[in-house]
Amino acid sequence: MKEKIEALVSQLEAEIKDTNSLDQIEAIRVKYLGKSGELTQMMPLIKTLPNEEKPTFGKWINDAKVAMESMITNAKNEVLAKELDFKLAKESIDVTLPGYQFKQASIHPLSLVIEDLEDYFIGQGFNVAEGPELEQDLYNFEMMNLAKGHPAREMHDSFYVTETELMRTHTSPVQARFMLQAAGNPIAIISPGKTYRRDPDDATHSHQFMQCEGLVVGENISFANLKAVLLGMARHLFGEAREIRLRPSYFPFTEPSVEVDVMFTKKDGSKRWIEVLGAGMVHPNVLKMGGYNPEVMNGFAFGIGVERIAILKYGIDDIRNFYTNDRRFLNQFKGE
Ligand code: DAH
């Protein structure tokens with residue numbers, strides 16, 4: 001009897017050695033210690049034994065049960081430990097691996113110039129205003145003192161979308177819109193944005209380009225105020241010692257009108273004036289149409305060529321670079 005019981009223990013020991021899952025171990029436990037397990041089935045035999053043999057038999061069975069249970073517990077613990085090791089190995093992070101390589105993006109040079117302009121003008125007390133690119137003839141031309149048939153309309157060869165709507169040829173219509181909105185109150189705004197003309201596309205012309213409009217309306221606004229604001233702008237954009245020059249010009253919406261040049265020094269040391277914007281004192285007709293009494297209120301306005309500024313600032317020689325999205329070009333403006 002004793003041998004049989006010990007044989008069961010050895011059998012279990014041999015079987016449990018090769019297990020590697022809790023399910024397998026449980027099956028072995030049931031096989032020997034379950035309700036009809038091999039060891040369990042031997043227990044009732046005790047009743048058939050003479051009284052003096054009963055304690056010895058009971059001890060064999062009990063020792064076998066304790067041994068089996070301890071083997072089962074050990075085996076279970078081993079499997080659990082292995083599973084944990086496996087899980088840890090799988091979830092571990094290798095801190096020595098190289099990180100993901102994120103490419104740093106760059107800000108478009110035209111956006112850089114606009115940010116720079118906004119920076120300066122907001123500092124001078126201006127607000128940034130916006131107007132639609134699909135504009136009404138009324139704002140784009142008429143309220144800018146360019147009545148139908150006005151010869152200056154020819155400077156603005158335009159993309160008409162309907163009889164009365166066109167892609168705006170300049171940012172000046174924002175002036176008209178804001179005058180009406182301000183309802184007779186003082187104004188100081190700039191308005192950067194896209195503009196469109198039927199120009200051929202070449203190194204110096206584009207059917208789409210950007211301007212930044214400026215408008216100040218108030219009492220006793222002088223030409224000297226205009227000059228001071230523009231000189232400050234040139235120095236903010238291009239450096240402290242920068243000089244500007246105002247040349248008489250003509251725009252229908254300003255009187256007097258000027259073109260503004262900024263002084264640049266070429267590589268060979270020679271100096272050169274380069275035109276960057278148009279400006280002037282707001283024409284009385286424009287003020288009147290905008291709801292102001294030109295006897296009481298006046299103002300100045302200007303229109304900056306954004307590409308012009310970018311070309312000068314970054315030494316770009318072909319305007320098409322701004323629109324073709326060549327990343328070799330754009331990547332040069334990282335970290336500006
Ligand atoms: N709108 C003009 C253009 O597109 C630029 C301009 C000139 C705007 C003088 C102004 C200004 O506000 O006063 O050529």
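Residues numbered from 1 in each chain as written. Predicted model: local features only at pLDDT ≥ 70, side-chain atom pairs only at ≥ 80, totals over all residues. Heavy atoms only, no water.

Enquirer: Give a detailed account of the nonpolar core, specifying residues and quantitative values.
Expert: With 43 residues, the main nonpolar core has Phe-121, Leu-277, Phe-302 and Ile-304 as its most contacted residues. Elements that contribute at least two residues to this core include exactly α5 (109-123), β5 (208-218), α8 (223-238), β7 (254-265), β8 (271-282), β9 (298-305), α10 (306-314) and α11 (327-330). Counting residues in hydrophobic clusters, the runner-up holds 25 residues, among them Ile-189, Phe-251, Val-282 and Val-286. (Core = buried A, V, L, I, M, F, W, Y, C linked by side-chain atoms within 4.5 Å. Buried < 20%, exposed > 50% of the residue type's maximum accessible area, 1.4 Å probe, protein only. Helix = DSSP H or I, 4+ residues; strand = E, 2+ residues; numbered from the N terminus.)

Enquirer: Tell me about the packing of aromatic side chains, and name the residues and values.
Expert: Per the counting criterion, the structure on display carries 10 aromatic pairs. With a centroid separation of 6.3 Å and an interplanar angle of 70 degrees, the aromatic rings of Phe-322 and Tyr-323 are classed as edge-to-face. For Tyr-323, a relative accessible area of 27% corresponds to the partly exposed category. Grouped by ring-pair contacts, the aromatic residues Tyr-120, Phe-121, Phe-126, Phe-300 and Phe-302 constitute a single cluster. (Phe/Tyr/Trp six-rings, centres within 6.5 Å; stacked < 30°, edge-to-face > 60°.)

Enquirer: Describe in detail the environment of Phe-102, supporting the description with residues and values.
Expert: By the element assignment, Phe-102 lies in the loop between α4 (54-91) and α5. Put simply, Phe-102 and Val-161 are 59 residues apart on the chain and 43 Å apart in space, counted from C-alpha to C-alpha.

Enquirer: Please set out the site of the ligand residue by residue, giving values where relevant.
Expert: Surrounding the ligand, one finds 15 residues, the nearest of these being His-170, Gln-175, Arg-197, Gln-211 and Glu-213. Here Ala-301 contributes a backbone N or O atom positioned 3.2 Å from an oxygen atom of the ligand. Protein contact buries 92% of the 360 Å² of open area that the ligand shows by itself. Residues that form the shell around the ligand fall into these classes: five nonpolar, eight polar and two charged. (Near = heavy atom within 4 Å. Polar contact = N/O pair within 3.5 Å; in protein donor to acceptor, adjacent residues only side chain to side chain. Areas by Shrake-Rupley, 256 points an atom, 1.4 Å probe, with all protein chains shown as cover. Nonpolar A, V, L, I, M, F, W, Y, C, P; charged D, E, K, R; others polar.)

Enquirer: Break down the sheet that holds β7 for me, citing the residues and quoting the values.
Expert: A sheet is described by the order of its strands in space; here seven strands give the open sequence β1-β4-β5-β9-β8-β7-β6, paired in mixed fashion. Of all strands in the sheet, those with a lone pairing partner are β1 (127-128) and β6 (244-251), marking the two edges. Two elements, β6 and β7, share seven bridges in a ladder whose sense is antiparallel. Among the inter-strand pairings, Ser-249 is bridged to a residue of β7, identified as Ser-257. Docked against the sheet, α5 engages β1, β4 (187-196), β5 and β9, running at close to 170 degrees with respect to β4. (Pairing = 2+ DSSP bridges. Contact = heavy atoms within 4.5 Å. Axes fitted to C-alpha atoms, helices over the stretch in contact; angles between N-to-C directions.)

Enquirer: Now, about the packing of helix α2 (residues 22-33) against α4: what can you tell me, with residues and values included?
Expert: Direction vectors running N to C along α2 and α4 enclose 170 degrees, while the axes themselves pass 10 Å from each other. Here α2 is positioned roughly antiparallel relative to α4, judged by the angle of their axes. Note on element contacts: α4 touches α2 through Lys-65, Met-68, Glu-69, Ile-72, Ala-75, Lys-76, Val-79 and Leu-80, opposite Leu-22, Ile-25, Glu-26, Arg-29, Tyr-32 and Leu-33. Tallied by class, the residues present in the contact of α2 with α4 amount to nine nonpolar, no polar and five charged. (Parallel < 35°, antiparallel > 145°, perpendicular 65-115°, else oblique.)

Enquirer: Talk me through the packing of helix α1 (residues 2-17) against α4; I want residue IDs and the actual numbers.
Expert: Geometry of a packed helix pair, given as the angle between the helix axes and the separation of the axes. At their nearest, the axes of α1 and α4 sit 10 Å apart, and the two run at 5 degrees to each other. Between α1 and α4, the interaxial angle falls into the category roughly parallel. On α4, the residues touching Lys-2, Ile-5, Leu-8, Val-9, Leu-12, Glu-13 and Ile-16 of α1 are Phe-57, Trp-60, Ile-61, Ala-64, Ala-67, Met-68, Met-71, Ile-72 and Ala-75. Taken together, the residues of the contact of α1 with α4 sort by class into 14 nonpolar, no polar and two charged.

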